[in-house]
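# Examination of the molecular architecture
Residue-level listing of the chains:
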Amino acid sequence: MSQPLPDSTEIYYAEIMKNQTKLKSTEFLRNGDKVNSEFFEIYLKRLLDARDACGLTEMIGEIEALMITVEPGNALEYIAELALMTPYHYLVTLESPRHWTHILRIDMDSPDILLREVKNPEYYDIFRSLNDLHPVGSKRPHSRYLGEILRVTDRESVLALQCEREFRFFSPAALSALDLPSNVSISKPSPYTQNVLGYMERAIGEPRVYHPLGKCSILPKIQKAYENAKLQQQSLNIADLILPVDHLATRVYCQNREAALLEYLALSSYYYWGSYDIVDQNSSTNVCKSVRPVPESLSPAKVFTANNLPYCVNHLDRLPSPTENFVRNYGARLHHIALSVKDGEREGKENIEFLVDAIAGQGKGFLLEVVGSREEGLKQVFSNASQFSALIIEYVQRYGDFQGFFTRENVALLTAAAGAEVS
C-alpha cells in the first residue's frame, strides 16, 4: 500500500537512514502461490546476494522518470489527456534535432514523464523497429513506452559493474543520435520485455535535469491545452483524488517470465515480492518492489504478467490467452500505468467511482466497471487504451492497511477485459 507522501524525499530518506542497516535483498516475505522453476529460485537468491555484495543495491535508487514516445502531432492531445486523468503537470519542452521532449512532473518526490514526440513520421530507429514487428504495434510505429530511468549515486561505477556483468548499453554517440539525454546511461532494449533502463546520477535534494536535449521552452499551444485540462479536472472536483504512480505493468511471453524478472532485479535495486497464478485467465501476475522502505509514489512497483502456457500449444486446450494475444499483437511492452486513488468518499460514492464517473462523462472510456470492494481491500478499474500511446491507465483505491496490488478475482476480471480489447 502506498504510504503518505512526506514533505520531501530528503526528509523521508533522513528518517529511514537513522535506523537502516546495509540493504539485504533476500530477507523479504514471499507473497503469492505461483510455483516457479528450480532454476529461478536458485538464481534469484544468487543474483540478489551478488548484487548486494558488489554494492549495486546501495548505489541504485528509485525511479526518476518514465520515457514514452508518441507519433508526430500527438503530444498536445496526449498531454491534455494525462493532465485530466493523472496528477502530472506540463513543465517544459526540450527541442533536439529529431524530437521534442516534453517534461511532465508531479513533484520531485515522484517520477517524471519524458514524453518524446517524433518530428518526422518517416523517422526510423531501433524503437520503431520493435513496433514494426507486430501487427497492431506497427499501426502506431512511434508510439511506445521505452522504459524507466533510475537514480544512482555513482553512475560511472554502476555502469562499469553492469558492463562487467554482461549487460549492454548505448554508446554516447548512439544516445546523441537517438536524442536521449547524455547524462543518463541507457541499456539496450531487453530481449524479454523490449524495454530499456537508464541510470542518472543525482543526490537527494538536487534538481532533476536532462541534458543536452537542446532548446528549452514552454510551447504556448501545449501550455493552453494543459491549463484547460487542469481547469476541467478542478471543475470536476477530482484533482485531489488522483495520487502518483503506484505500479507499472509489463506484458511478456510465457517463456520469458522468469528471465524478465531476473533481468529487472539485476538492473535495479528491487526485490521479488511474489507471484499469483490466475488460472481463470491462463496467466500469472508477478511483482517486484523497491528494497527501500519507501512508498510506491517514490518508486513504483514493477508488475510482469505472462501466460501460463505459450500460444503454440493453446489450440490443444483452448484456454483464455489475453496476455499472449497482447504480446503477439503489440510486442512485449508496458501495458498500463497504475495510479493510486485517495481513500474515502465523495458525494455519496467511493472516490474511485466518483473519479471514473467524472472522467467517463468527458468521453474517456473504461474497459469494465470498477471491480473489488472494501471487504476485499481494494477497488480497481482499467481505462481504454490511449489512442496516442496505446497505454492503459489503471486506478487503484485501497482500504485500511491492505498491502497488495490486486485480488485474484479483480485481476482475472481486469485481464479478461484487457484481453477482449486486443483479441
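Residues numbered from 1 in each chain as written. Predicted model: local features only at pLDDT ≥ 70, side-chain atom pairs only at ≥ 80, totals over all residues. Heavy atoms only, no water.

## Observations regarding the pairing of strand E19 (residues 392–398)
For a regular strand, side chains alternate in direction, first toward one face of the sheet and then toward the other. Threshold: To sort residues, take the accessible area from a 1.4 Å probe on protein chains only and compare it with the maximum for the residue type: under 20% means buried, over 50% means exposed, and anything in between is partly exposed. Strands here are runs of E lasting at least two residues and helices are runs of H or I lasting at least four, both read from the DSSP assignment and numbered beginning at the N terminus. Two strands make a pair as long as DSSP finds a minimum of two bridges between them.
Buried residues dominate E19, accounting for 7 of its 7 residues. On E19, burial covers both faces: Ile392, Glu394, Val396 and Arg398 on one face and Ile393, Tyr395 and Gln397 on the other are all buried. Bridge count for strand E14 (residues 333–341) against E19 is 5 bridges, and the pairing is parallel. Its bridge partner lying in E19, Leu339 is registered against Tyr395. Summarising the sheet, strand E18 (residues 378–382) and E19 pair through 5 bridges and their orientation is antiparallel. Pairing of Leu378 across the sheet is with Arg398, part of E19.

## Structural notes on the packing of aromatic side chains
Applicable threshold: Each Phe, Tyr or Trp ring, with Trp reduced to its six-membered ring, pairs with another whose centre is within 6.5 Å; inter-plane angles below 30 degrees give stacked pairs, above 60 give edge-to-face pairs, and intermediate values give tilted ones. Charges are assigned to positions over rings by a cutoff of 6 Å between ring centre and Lys NZ or Arg CZ, combined with an angular limit of 35 degrees from the ring normal.
Enumeration according to the criterion identifies 11 aromatic pairs in this entry. Between the aromatic rings of Phe366 and Tyr395, the centroid separation amounts to 6.4 Å while the plane-to-plane angle is 40°, which identifies the pairing as tilted. Of this pair, Phe366 sits in the loop between helix H12 (351–360) and strand E17 (371–373) while Tyr395 sits in strand E19, placing them 29 residues apart in sequence. The lysine or arginine in question, Arg328, covers the ring of Tyr311, its NZ or CZ lying 3.7 Å from the ring centre.

## Concerning the domain arrangement of the protein chain
Threshold: Domain extents, as shown, originate in an automatic or database domain assignment. In this analysis, two residues are considered to be in contact whenever any of their non-hydrogen atoms come within 4.5 Å of each other. In short, buried area is how much 1.4 Å probe accessible area vanishes from two parts on joining, totalled over both. Salt-bridge detection follows one rule: a side-chain nitrogen of Lys or Arg within 4 Å of a carboxyl oxygen of Asp or Glu. Polar contact is the term for a pair of N or O atoms within 3.5 Å; when the atoms are in protein, one must be able to donate a hydrogen and the other to accept it, and sequence-neighboring residues count only if both atoms are side-chain atoms. All residues other than Ala, Val, Leu, Ile, Met, Phe, Trp, Tyr, Cys, Pro, Asp, Glu, Lys and Arg, Gly among them, are scored as polar; the first ten of these are nonpolar and the last four charged.
When cut into domains, the protein chain gives domain 1 (59–232) and domain 2 (240–421). Distance from the C-alpha centre of domain 1 to the C-alpha centre of domain 2: 22 Å. Contacts between the two partners involve 43 residues from domain 1 and, on the opposite side, 46 residues from domain 2. Of the roughly 3900 Å² buried at the junction of domain 1 and domain 2 (both faces included), carbon and sulfur atoms supply 61%. Taking the shortest distance from any N to any O, the salt bridge between Lys302 and Glu148 comes out at 3.1 Å. In this structure, the connection of domain 1 to domain 2 is made through 20 residue pairs in polar contact (both at pLDDT 80 or more). Counting residues per element, the ones that place at least two in the side of domain 1 that touches domain 2 are strand E2 (60–70), helix H4 (75–85), strand E6 (144–152) and strand E8 (196–201). Among the elements that make up the side of domain 1 that touches domain 2, the one with the highest residue count is E2 (7 residues). Class assignment for the residues of the side of domain 1 that touches domain 2 results in 21 nonpolar, 14 polar and 8 charged.

## Re the side chain of Lys230
With respect to the helices and strands, the residue Lys230 is situated in helix H8 (residues 220–235). Looking at Lys230, its side chain comes within polar contact range of the side chain of Gln233, at 3.1 Å. Sequence-distant contacts of Lys230, that is, excluding residues within four places in its chain, are made with Ala83, Thr86, Pro87, Tyr88 and His89.

## Section: helix H9 (residues 257–267)
Buried residues dominate H9, accounting for 10 of its 11 residues. Taken together, the buried positions of H9 are Arg257, Glu258, Ala260, Leu261, Leu262, Glu263, Tyr264, Leu265, Ala266 and Leu267.

## Observations concerning the environment of Glu122
With respect to the helices and strands, Glu122 occurs in the loop between strand E5 (112–118) and helix H5 (126–132). The exposed category is assigned to Glu122, whose relative accessible area is 62%. In this structure, the C-alpha to C-alpha distance between Glu122 and Phe167, residues 45 residues apart in sequence, is 31 Å.

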